[in-house]
Amino acid sequence: MIIRKITKEEITDALPMVWRVFNEYEAVNYPPSGEQAFFDAIHNEGFLSQLSAYGAFDGDKLIGLIASRSEGSHIALFFVDGAYHRKGIGRMLWNTFLADSDKQNITVNSSLYAVGIYEKLGFIKTAEAQTDSGIQFVPMVFDNTSVKHGAESE
């Protein structure tokens, strides 16, 4: 298993995996308008051009992706191929991202499906579930200062 920064082209190459995982695990909570809004977002060049990402690879196969925007202060995409769930891939992606982050707070608009996953990573809810353009999400934040400070004092 290799985790590494990926190029803009590799982010584009990851979109079929992102869409497949979205449909399998998250779309059940979305109305058709939300599914379309998500599809449109991940195929929007303006959105994609803002992303910085890490990929998880099993050999040459991309099996996971974490992508941020706003100079790394907001998680925009975080998906792991369903065949690799519960194997620590998401945690490895998160830890790699976090090790390179200098942001005090990292935000995410979590899908309803992923709230528990983000909580295990140390995120806390900042508001109740919301809906925008049919996309349901829970705003969450991760306080990176306590993690970085704790690591420095060890």
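Details of the structure are given in the entry above.
Residues numbered from 1 in each chain as written. Predicted model: local features only at pLDDT ≥ 70, side-chain atom pairs only at ≥ 80, totals over all residues. Heavy atoms only, no water.

## Topic: the overall build of the protein chain
Selection criterion: Working definition: helices are DSSP H or I runs of at least four residues, strands are E runs of at least two. Numbering for both runs from the N terminus. Only C-alpha atoms enter the radius of gyration; for comparison, a globular chain is expected to reach 2.2 Å times N to the power 0.38, where N is the number of residues.
Looking only at helices and strands, the protein chain features six helices and eight strands. Written out in order from the N terminus, the α and β elements of the protein chain read β-α-α-α-β-β-β-α-β-α-β-β-β-α. Its C-alpha atoms give the protein chain a radius of gyration of 15 Å, near enough to 15 Å, the size a compact globule of 154 residues would have. Seen through its principal axes, the protein chain has C-alpha atoms that stretch 50 × 40 × 30 Å.

## Examining the pattern of salt bridges
Heads up, the condition is: Just to be clear on terms, a salt bridge is a Lys or Arg side-chain nitrogen sitting within 4 Å of an Asp or Glu carboxyl oxygen. For each residue, the accessible area found with a 1.4 Å probe, counting protein chains only, is set against the maximum for its type, and the residue is called buried under 20%, exposed over 50%, and partly exposed in between.
Per the stated rule, a full pass over the model turns up two salt bridges. For E10, the salt bridge identified is with R4, shortest N-O distance 2.6 Å. On the accessibility criterion, R4 (34% relative accessible area) is partly exposed. With a closest N to O distance of 2.8 Å, R20 and D81 form a salt bridge. Taken together, the residues R20 in helix 1 (residues 8-26) and D81 in the loop between strand 4 (74-80) and helix 4 (89-100) connect sequence positions 61 residues apart. A relative accessible area of 41% places R20 in the partly exposed class. You can call D81 buried: its relative accessible area is 8%.

## Observations regarding the packing of helix 1 against helix 2 (residues 32-42)
Quick note on the threshold: Note on definitions: angles span 0 to 180 degrees between N-to-C directions of axes, and those axes are lines fitted to C-alpha atoms, for helices only across the stretch in contact. Roughly parallel means an angle under 35 degrees; roughly antiparallel means over 145; roughly perpendicular covers 65 to 115; every other angle is labelled oblique. Handedness of a crossing is defined here by the sense of rotation of the near helix relative to the far one, left-handed for an anticlockwise turn of less than a right angle and right-handed for a clockwise turn. Any two residues whose heavy atoms approach within 4.5 Å at even a single point are treated as in contact. Asp, Glu, Lys and Arg are counted as charged, while Ala, Val, Leu, Ile, Met, Phe, Trp, Tyr, Cys and Pro are counted as nonpolar; the rest, among them Gly, fall into the polar class.
Running from N to C, helix 1 and helix 2 point in directions that differ by 165°, and their axes come no closer than 11 Å. Relative to helix 2, the element helix 1 lies roughly antiparallel. Our pair here, helix 1 against helix 2, has a crossing hand that is right-handed. On helix 2, the residues touching L15, V18, W19, F22 and N23 of helix 1 are E35, F38, F39 and I42. Residue classes in the contact of helix 1 with helix 2 are distributed as seven nonpolar, one polar and one charged.

## Digging into the pairing of strand 5 (residues 105-110)
Note the threshold: Pairing between strands is defined by DSSP: at least two bridges between them are needed. The handedness of a crossover follows from its direction of travel: if, with the strands pointing away from the viewer, the path from the first strand over the helix to the second runs clockwise, the crossover is right-handed.
Of the two faces of strand 5, only one is covered, namely that formed by I106, V108 and S110; the face formed by N105, T107 and N109 stays uncovered. Relative to strand 5, strand 4 is paired through two bridges, and the arrangement is parallel. The residue of strand 5 that forms the bridge with I75 is V108. For the handedness criterion, the β-α-β arrangement of strand 4, helix 4 and strand 5 is classed as right-handed. When strand 5 meets strand 8 (residues 135-143), the two strands line up antiparallel, connected through six bridges. Paired with N105 across the bridge in strand 8 is D143.

## Some thoughts on unusual backbone geometry
Positive phi outside glycine occurs at S70, with the angle close to 55°. Along the polypeptide, S70 turns up in the loop between strand 3 (61-69) and strand 4. Classification of S70 as partly exposed rests on a relative accessible area of 39%. Of note, the phi angle at S133 is positive, near 55°, even though the residue is not glycine. With respect to the helices and strands, S133 occurs in the loop between strand 7 (130-132) and strand 8.

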